[in-house]
Amino acid sequence: MSIQNKTASSRFFSGVAILAFVATLLSTTAFASEEYCFKLMMPGTSPWPHYFEFPRDTAIDANGNVYVVDRNNHRVQKFASDGSFITAWGDFGYLDGQFRYPGEIALDSNGYVYVGSDTRIQKFDSNGTFVIKWGGSGSEDGQFYSISDIAIGPDNYIYVADCSNDRIQKFATNGVLVDKWAHSGSDDGYFDCPTGLAVDTNNYVYVGDSGNDRIQKFTSVGGFVSKWGETGTEDGQFYYISGIAAGPNGYVYVADSGRDDVQKFTSNGGFVTKWGGYGWSDGQFRAPSDIALGVNGYAYVSDTDNDRIQKFTSNGGFVTKWGLDTWQNGEFGYPSGIAISTNGYVYVGDTMDDRIQKFTLNGDFVTKWGEYGYGAGQFVYISDVAVDSNGYVYVADSSKSDIQKFDSIGNLVDIWDAYGEDDGYFKNPNGVAVDSNGYVYVGDSGNDRVQKFTSTGGFVTKWGESGSGDGQFNYPGGIAVDANGYVYVVDGYNHRIQKFTSNGVFAAEIGGFGLLPGMLDYPKSIAVNSSDVYVVDASNSRVQVFTPQTLQAPTDVNITTTPSQVQISWSPVPGATGYYLTYSPYPHDYYSSLLNVGNQTSFVADLWDGAAFNIVLHAVNNTGGSPFSTKKHFSIGSHTYDLYITPYNLYLETGQDGSCKISGGTQPYNASSNNTDVAQVNLYGENLVVTGGQEGTTEIMVTDDNFESLKISVTVSNIQPALPEIRQKVSMTVSNTQPDLPEIKPSGFQD
């Protein structure tokens, strides 16, 4: 077992950290009255629309609703059977209701949802409300090393496959262990990394024994019944079994990520049919990870590397699909440009689909034009879109290094194409905008500058240089101009927006890196109307809308801590209807998250021992949000755990959580102990293993590849007589001893 100090990257607040629909963008003090807050998204108005990043597993309830484990977004999403979004829950973390790369999901007959994540099982109701959890890292009863699938029988017993422990464990719905089958090998009833599980209506259990490339069938108490399969790509053979489903009619469906297909068998292994194959088209897959069966026999496949769910008939007939990159009207393949016309239309540059799409302001699809190519009216890599007062649409193409001008229905009018560094020339332009006087502004990305032209392409002026300071750029992209002539420039690799006068004088900065609403990840384009700012948040595959805020930042933020809790209080903000905490493990602010605390002005949270945090607050009402409060840093005390000494290892007993890794920072890690008689330390990847065993205290220093460090104090004491298994019980105290550093405010934080 390994030892973890969770200061580096975990989130420690108890409960589900609600992903707020309102999140603040920060600006500089030069324009403190012009803050912006998140308003809505397109498509849809949910802060987390139905996009996926590595959808890992699916489950279907009795009403046909589809639950999807959205692994890399650390959440579960729920849809109607046609793909209509219903709800979502979860974010990154170790606390109840949070996930760390969840992988598996199953539903019992009462509608409860079981999710496997971070060596534990969590149980929720059908709306995502946390109920209970169990598990922990290890190979003891009830523990897991790598949960690889979950299945639930008609009697509601829960079966969990553990690939690394080569075993199946069986639980009651309250998490109590009932049985286990644990045999490593290739004999009948033995396993080599089981990765798929299904239970049929007769309580027979089917196991995808992926290391042996076979399916094994068992009784509900683990009695071996039969097997089929071998390594290969022919019918009835397997290359890497990734998921299994068993239908009420006795058929067994196997998803194979190595073959990129689904095979259908009788309950005794007789091959029936198959469908799929590698590709992006309807009915094709790229590394399908699991399959689930719904009402009326429909099969839902997690098409993982295509970031989508596909729905089929029971014999493989394609029905529908949903998720990211489906290329249908109104959906985007990496959107990279946006513009709003004076008569209320929104134009979006759909980069990977080589087209312009036109919408109403409410997001309703109107029309589209364009195709791939280097000719007139064609696109290679659309990077931004602008529209002037006469309805002409300007499209910047980064790969072609040109600007094309169209009328409002897509007819080509003009082209400016001069590659280079001189005035009026472009090097990979990624932004274009037009002001009320007809002047055209181009984000000349490869030259880290903005250029200003007349409507016919005549050069007027330029500004900018490489850097991250005010008025400097790191690959500037989209541009927008408001009614007062201010120019907004998307500073892509700085993950921010900069605001200038029409002649290039710096005015303000808004933005910041992240995945949460109101945060940006390589933004590509921007548009403004009378009150709102629309930002294409490209790597998050969404459009975010921001509106000016009117509230003051919370003040008088006070923090008191105990070894397991923190209490935060602040003064009420006039006009506020609610508050949000933004918190992040110190010193890694890029892992920040939001917590909705309602309209109260104090909050008590449970924390992991030895945690250190940066924390800020902002207020919200129906008009927007406030700037952040003054940034605070705090840490809490330590806690005593039981350990066991063997001749080689100290094992830290961590209870149900069992998370024992060093995370955050930049690998590889290095670790050292300043008293090796008490304890020596070794790192195996992220696992921190302590060896040794004399009474005393040692300080363990962990550093990463960027020379960031954390300190862990380990005290070994209270050595007891050897137990029958020749182990000695001791006590060990693990503390965060990283000193409180002077407060360092990143750009945009205000008092």
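As a reminder, the structure under discussion sits directly above these lines.
Residues numbered from 1 in each chain as written. Predicted model: local features only at pLDDT ≥ 70, side-chain atom pairs only at ≥ 80, totals over all residues. Heavy atoms only, no water.

Q: Teacher, can you tell me more about the overall build of the protein here?
A: The number of helices and strands found in the protein is 0 helices and 61 strands. Across the 751 residues in the protein, those meeting the buried criterion constitute 57%. Sequence-distant contacts, at least 24 apart, represent 51% of the contacts inside the protein between residues at least 6 apart. Taken as a whole, the protein presents about 28,000 Å² of accessible surface, with 46% of it coming from carbon and sulfur. (Helix = DSSP H or I, 4+ residues; strand = E, 2+ residues; numbered from the N terminus. Buried < 20%, exposed > 50% of the residue type's maximum accessible area, 1.4 Å probe, protein only. Contact = heavy atoms within 4.5 Å. Areas by Shrake-Rupley, 256 points an atom, 1.4 Å probe, with all protein chains shown as cover.)

Q: Got a minute to help me understand the sheet that holds strand E42 (residues 506-511) in this structure?
A: One key point about sheets: their strands pair by backbone hydrogen bonds, in either a parallel or an antiparallel sense. What the 4 strands build is an open sheet, ordered E39-E40-E41-E42; its pairing is antiparallel. Edge positions in the sheet fall to strand E39 (476-481) and E42, since each has one partner strand and no second. Averaged over all adjacent pairs, the angle separating strand axes in this sheet is 20 degrees, with direction ignored. In the sheet, E39 pairs with strand E40 (residues 487-491) via 4 bridges, with the strands oriented antiparallel. Residue pairing in the sheet places alanine 480 in a bridge with tyrosine 488 of E40. (Pairing = 2+ DSSP bridges. Axes fitted to C-alpha atoms, helices over the stretch in contact; angles between N-to-C directions.)

Q: In this structure, what is going on with the pairing of strand E7 (residues 104-107)? I would like to understand it.
A: It is a general feature of regular strands that their side chains alternate between the two faces of the sheet. Residue alternation in E7 divides its side chains into two sets, Glu104 and Ala106 and Ile105 and Leu107, and both sets are buried. Here E7 pairs with strand E8 (residues 113-117) via 4 bridges, running antiparallel. Paired with alanine 106 across the strands is tyrosine 114, a residue of E8. As consecutive antiparallel partners, E7 and E8 are separated by 5 residues, and within that stretch glycine 111 has a phi angle of approximately 90 degrees, a positive value.

Q: Please explain unusual backbone geometry as it appears in this structure.
A: Most peptide bonds take the trans configuration, and most residues that are not glycine carry a negative phi. Even without being glycine, asparagine 156 reaches a positive phi, approximately 70 degrees. Relative to the helices and strands, asparagine 156 resides in the loop between strand E11 (147-152) and strand E12 (158-162). Although it is not a glycine, aspartate 556 sits at a positive phi angle of roughly 55 degrees. On the secondary structure map, aspartate 556 appears in the loop between strand E45 (542-548) and strand E46 (558-561). Since its relative accessible area comes to 51%, aspartate 556 is described here as exposed.

Q: Before we go on, may I ask you to explain the nonpolar core in this structure?
A: The nonpolar side chains of soluble globular proteins are, as a tendency, buried together. Among the nonpolar cores identified, the biggest contains 16 residues, and Ile568, Trp570, Leu581, Val597 and Phe603 are the most heavily contacted of them. Among the secondary structure elements, those contributing two or more residues to this core are strand E47 (565-569), strand E48 (578-585), strand E50 (602-606) and strand E51 (612-621). The contacts of valine 597, once residues within four sequence positions are left out, are Trp570, Tyr579, Tyr580, Leu581 and Phe603. (Core = buried A, V, L, I, M, F, W, Y, C linked by side-chain atoms within 4.5 Å.)

Q: I would appreciate a short explanation of the sheet that holds strand E6 (residues 85-89) in the present structure.
A: Taking strand neighbours across the sheet as the criterion, the 4 strands line up as E3-E4-E5-E6 in an open arrangement whose pairing is antiparallel. Strand pairing shows two members of the sheet lacking a second neighbour, strand E3 (55-60) and E6, which therefore form its edges. Each strand axis lies, on average, 20 degrees off the axis of its neighbour in the sheet, ignoring direction. As paired strands, strand E4 (residues 66-70) and strand E5 (residues 75-79) are joined by 5 bridges and run antiparallel to one another. By the bridge assignment, valine 66 is partnered in E5 with phenylalanine 79.

Function cannot be inferred from these measures alone, as they are strictly geometric.
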